[in-house]
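Read off the chains here:
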Amino acid sequence: MNHAYLENFALDGQVALITGAGRGLGWEIARALAGCGAHVVLNGRDRDQLQRAAATLHADGLQASVAAFDVTDSAALKAAFADIDTVYGQLDILVGNVGARLRKPLQDFSDEDIHGLLHTDLAAGLILAREAARLMLRRRAGRIITVTSIAGHVARPGDAVYTAAKAGLTGMVRALAAEYGPHGITSNAIAPGGFATEANAAMLADPKAAAHFATRTPLGRWGRPEEIAGAAVFLASRAASYVNGQVIAVDGGMTIAM
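Quick summary incoming for the structure in this document.

Quick notes on the rules
- Residues numbered from 1 in each chain as written.
- Predicted model: local features only at pLDDT ≥ 70, side-chain atom pairs only at ≥ 80, totals over all residues.
- Heavy atoms only, no water.
- Pairing = 2+ DSSP bridges.
- Helix = DSSP H or I, 4+ residues; strand = E, 2+ residues; numbered from the N terminus.
- Axes fitted to C-alpha atoms, helices over the stretch in contact; angles between N-to-C directions.
- Contact = heavy atoms within 4.5 Å.
- Polar contact = N/O pair within 3.5 Å; in protein donor to acceptor, adjacent residues only side chain to side chain.
- Buried < 20%, exposed > 50% of the residue type's maximum accessible area, 1.4 Å probe, protein only.
- Right-handed = clockwise from strand over helix to strand, strands pointing away.
- Parallel < 35°, antiparallel > 145°, perpendicular 65-115°, else oblique.
- Left-handed = near helix turned anticlockwise from the far one by under 90°.
- Nonpolar A, V, L, I, M, F, W, Y, C, P; charged D, E, K, R; others polar.

With respect to the sheet that holds strand 7 (residues 247-250)
Turning to step 1, where the next piece is worked out: Reading across from one edge, 3-2-1-4-5-6-7 is the order of the seven strands in this open sheet, with parallel pairing throughout. The open sheet has two free edges, formed respectively by strand 3 (64-68) and strand 7, since each of these has just one partner strand. Pairs of neighbouring strands in the sheet enclose a mean axial angle of 20°, with direction left out of account.
Turning to step 2, where the next piece is worked out: The pairing of strand 4 (residues 93-96) with strand 5 (residues 142-147) spans four bridges and is parallel. Considered in strand 5, the bridge of V95 is made with I145.

Here it is as structure tokens:
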């Protein structure tokens, strides 16, 4: 059997920065990109956790390094991109995956709560994309991939700020696609549905909430974290060279079911 077409999914020689890569969906995306040949730069705030993740990849013969910084710290963020430029001389793929969530009625949010969540979930995405594009523009090539959420398309009570931020990321992805497409840089998003990750541990532990997500999804279950990876590999690869400004929902069909 001829597997030549699979070369379109190879990422050999490429450098990818994945934010929020120490655990959950970010870790699964990082592991998949590394498995396809990319050198992955793992970002998060917990350096020890990132180093353990990198060691796991190294043990499998994969390429990984660590860039520990908070995406809301602009100075640290810019310094990290400068380091990537110095060490690798390129950045081919950005996966903006960091997100924060605070589920409670809007009336219970302070002004500081709102500004803080919007900074993490929306403003940081714009700054990350801007800094990544500075490096990508030199080579007239690159992939900006943003992890949003189906909350950018559908809403639940007690989640207004997060939902607004994720809808904003959807607009950002389309705006970047228009702005950077002429320069060979694509911008796309992945919108996860209900995944059985550490971040959703409280909902998984609540029988009513866990059952709600499972029964609302045509596949009848929560997503396994590793099931996010295929969409990320596709969008990062040559196979997606003409995909730009799109949001791929990886949600088991939840957003299309009545």
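Quick look at the environment of Q246
Turning to step 1, where the next piece is worked out: Structurally, Q246 is set in the loop between helix 8 (229-236) and strand 7.
Turning to step 2, where the next piece is worked out: Spatially, the C-alpha atoms of Q246 and R23 are 25 Å apart, while their sequence positions differ by 223 residues.
Turning to step 3, where the next piece is worked out: Every residue in contact with Q246, bar those within four places of it in the chain, is listed here: V173, S187, N188 and A189.
Turning to step 4, where the next piece is worked out: Within polar-contact distance, the side chain of Q246 engages the backbone oxygen of N244 at 3.1 Å.

Brief notes about the pairing of strand 1 (residues 15-18)
Turning to step 1, where the next piece is worked out: The two faces of strand 1 match: V15 and L17 on one face and A16 and I18 on the other face are all buried.
Turning to step 2, where the next piece is worked out: For strand 1 and strand 2 (residues 39-44), the ladder comprises four bridges, and the chain directions are parallel. In the strand pairing of strand 2, A16 is matched with V40.
Turning to step 3, where the next piece is worked out: Once you follow strand 1 into helix 1 (residues 24-35) and on to strand 2, the crossover reads as right-handed.
Turning to step 4, where the next piece is worked out: Direction of pairing for strand 1 relative to strand 4: parallel, over a ladder of three bridges. By the bridge assignment, I18 is partnered in strand 4 with V95.

A look at the packing of helix 1 against helix 8
Turning to step 1, where the next piece is worked out: Between helix 1 and helix 8, whose axes approach to 9 Å, the crossing angle comes to 50°. Considered as vectors, helix 1 and helix 8 are oriented oblique to each other. Along this stretch, helix 1 crosses helix 8, giving a crossing that reads as right-handed. Two secondary-structure elements touch here, helix 1 through E28, I29, A32 and L33 and helix 8 through A229, A232, V233 and A236.
Turning to step 2, where the next piece is worked out: Looking at the contact of helix 1 with helix 8, its residues break down into seven nonpolar, no polar and one charged.

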